[in-house]
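Observations on the model geometry
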Amino acid sequence: MHPILIRIPLPGWKFLGDFHSIPIHSYGVMLGLSLVVGWYLTLGLAERDGLPKETLANCYVFTALSAVIMSRVLYYLTNPSEFTSVMELFALWRGGLVAYGGFLGGFLGSVVYLRRHKVPLWPWADVAAPSLAAGLMLTRIGCYLFGCDFGKPLGSGAPKWLQSLGTFPHWPEGTLPHGSGSPAWVQHVQHHLLDFDSPASLPVHPTQIYESLVGASLLALLFWVRKNLKFRGQVFLTFTFSYGVLRFLLEMIRDDLERGEFGPHIAEHLMISGGLLVFAIAYIVCMAPSVGDPTMRRMTQVIALVPPLVAYLLLKPASFADQEPIQLSTSQWVALLTAVPAAIAYMVYFKAAEAHPESALALNLDEFYAAHPEQRPGGKVEELEDDAHEKTDQVAKEDPGKSATTADKSDAVPALDAHATEERKEQSPAGKESA
């Protein structure tokens, strides 16, 4: 039902003993696919926006490595007991990456690389953000196939199709080097909710699929924001805030113990509704003013207050004695600590864009092109022009009867045709922005 890995037999390789077949882990496949999709998506958008493709290609590699390393580090910090040797830190194909760790690691890696190469952060962040949403959509499918990051048990009244999606199997012995069942099955057995002989886990919320759908929704939202861009950084800040809110909500129905929890113990109805109220205030004050239509703006502001109110009413216990104190998960804290600053930054840049709309959309690449003239759009055409002038001057020197200004350039080099001139105009930053 939930394939974990595929073993590819290699005929004639029997002499390798246990290595005569290669296990292909579903999570590793989807992680690799997300990096490939992100590569083409990010560089395609970068080229469309007039950014230096060669430098940003290198930046993507550096950012991806930083993201993977940080996501693994954060997983280790929240689950140190799962690692018995240093080598297990490198077993990425078995899962064990924290999405928010990758987000933070990739952001810090981008800042370091771009600052060194004198490229502004926000134009890059805007073209990279859609790949984050696409990666979320793809890697969570890998999580689902492996069975990690599962949700809380479903109620008996849940639809049969949902119960089927949320049932994870007791794997045959030897499927993986460690463990004999899917993470959900193992946890339910350890908590004495199931017998060891049970063929599958209890039906749980397939939160991996929920989050994959969140990634797809965010991808559509980011492309819409790109079409209505008001300032550089708007796409990235929209992703950061939106994902923070949605991830905070999803964590409410996550049940895997690997998430990690910390912070004060507070009654659930106060902790959850309080966190959602912080998101609501951040949206109402900082982001809603960018909605042009007054009616739509007021409507979204009212809607923003619904989640904290509903959470408070649903989670409020019947009596004070029934209060259940909880801690927020690691991801919920990170969601709060990234979404709120993103909303504040969004407000600052939006106000600046209202005052100076043209400069708010400028790429500000003059310093980069001064250091890397070879990557300037149209650079090859300009080099050809310079070469033509040099050869014309040489002809004039060899034949004094011709001046440098009237020498027949066709004697030196083929003249630049109208197509080359037009190509230079199209490739210039001004030409791309006007297009």
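Our structure's up above, just so we're on the same page.
So, here is what we can say about the structure in this document. (Residues numbered from 1 in each chain as written. Predicted model: local features only at pLDDT ≥ 70, side-chain atom pairs only at ≥ 80, totals over all residues. Heavy atoms only, no water.)

**Things to note about the overall build of the chain**
Quick reminder of the rule: A helix here means a DSSP run of H or I that spans at least four residues, while a strand means a run of E at least two residues long, and both kinds are numbered starting from the N terminus. When a residue's accessible area, from a 1.4 Å probe over protein chains only, is under 20% of the maximum for its type it is buried; when over 50% it is exposed; and in between it is partly exposed. In what follows, a contact means two residues having at least one pair of non-hydrogen atoms within 4.5 Å. Accessible surface is estimated by sampling points in the Shrake-Rupley manner with a 1.4 Å probe; for residues, cover comes only from the protein chains shown.
Across its full length, the chain holds 17 helices and 4 strands. For the chain, with 435 residues in total, the buried portion stands at 45%. Pairs at least 24 apart in sequence give 74% of the contacts found in the chain among residues at least 6 apart. Total accessible area on the chain stands at roughly 23300 Å², and carbon and sulfur atoms take up 65% of it.

**Comments concerning the environment of I284**
Relative to the helices and strands, I284 resides in helix α9 (residues 268-287). Beyond its immediate stretch of four places on either side in the chain, I284 contacts P289, Q301, A304 and L305.

**Notes on a nonpolar patch on the surface**
Applied cut-off: Note on patches: the residues involved have over 30% relative accessible area and no salt bridge, like charges join within 9 Å, and the nonpolar side chains Val, Leu, Ile, Met, Phe, Trp and Tyr join within 5 Å. Just to be clear on terms, a salt bridge is a Lys or Arg side-chain nitrogen sitting within 4 Å of an Asp or Glu carboxyl oxygen.
Taken together, the side chains of V61, L65, I69, M70, V73, Y76 and L77 define a hydrophobic patch exposed on the protein surface, amounting to about 630 Å² of accessible area. With respect to the element layout, L65 can be found in helix α2 (residues 53-78).

**Some words on the packing of helix α1 (residues 26-48) against helix α7 (residues 207-227)**
Convention followed: Only the stretch in contact is used when a helix axis is fitted, and all axes are lines through C-alpha atoms; the angle between N-to-C directions ranges over 0 to 180 degrees. Throughout, the term roughly parallel applies to angles under 35 degrees, roughly antiparallel to angles over 145, roughly perpendicular to angles from 65 to 115, and oblique to all others. Three classes are used, and their members are as follows: Ala, Val, Leu, Ile, Met, Phe, Trp, Tyr, Cys and Pro are nonpolar, Asp, Glu, Lys and Arg are charged, and the others, Gly among them, are polar.
Remark: α1 packs on α7, axes separated minimally by 14 Å, with the N-to-C direction vectors making an angle of 5°. As judged from the angle between their axes, α1 and α7 are roughly parallel. Of α7, the residues touching α1 (which contributes L41, L45 and R48) are L219, F223 and R226. Of the residues in the contact of α1 with α7, the class split is 4 nonpolar, no polar and 2 charged.

**Observations regarding the packing of aromatic side chains**
In plain terms, the rule: Pairing of aromatic rings covers Phe, Tyr and the six-membered ring of Trp, with a centre-to-centre limit of 6.5 Å; geometry is then stacked below 30 degrees between planes, edge-to-face above 60, and tilted otherwise.
Scanning all chains against the criterion turns up 17 aromatic pairs. Judged by centre distance (6.1 Å) and plane angle (45°), the rings of F103 and F239 are tilted. With F103 in helix α3 (residues 99-116) and F239 in helix α8 (residues 234-251), this pair connects stretches of sequence that are 136 residues apart. Each member of the pair, F103 as well as F239, is classed as buried. Both rings, one in F239 and one in Y243, keep their centres 5.7 Å apart while their planes meet at 10°; by these two values the pair is stacked. Residue F239 and its partner Y243 are both found in helix α8; the two are separated by 4 residues, about one turn of the helix. With a relative accessible area of 5%, Y243 lands in the buried category. The rings of F103, F107, W122, F231, F236, F239, Y243, Y346 and Y349 are connected pair by pair, giving a single aromatic cluster.

**Examining the pattern of salt bridges**
Evaluation of the coordinates by the stated rule reveals 10 salt bridges. With a shortest N-O distance of 2.6 Å, R140 and D149 are connected by a salt bridge. Across the pair, D149 and R140 agree in class, each one buried. In this structure, the salt-bridge partner of R254 is D256, at a minimum N-O distance of 2.7 Å. Side by side, R254 and D256 carry an identical accessibility label, which is buried. Several salt bridges share partner residues, and in doing so they unite R140, D149, E211, R247, E251, R254 and D256 into one network.

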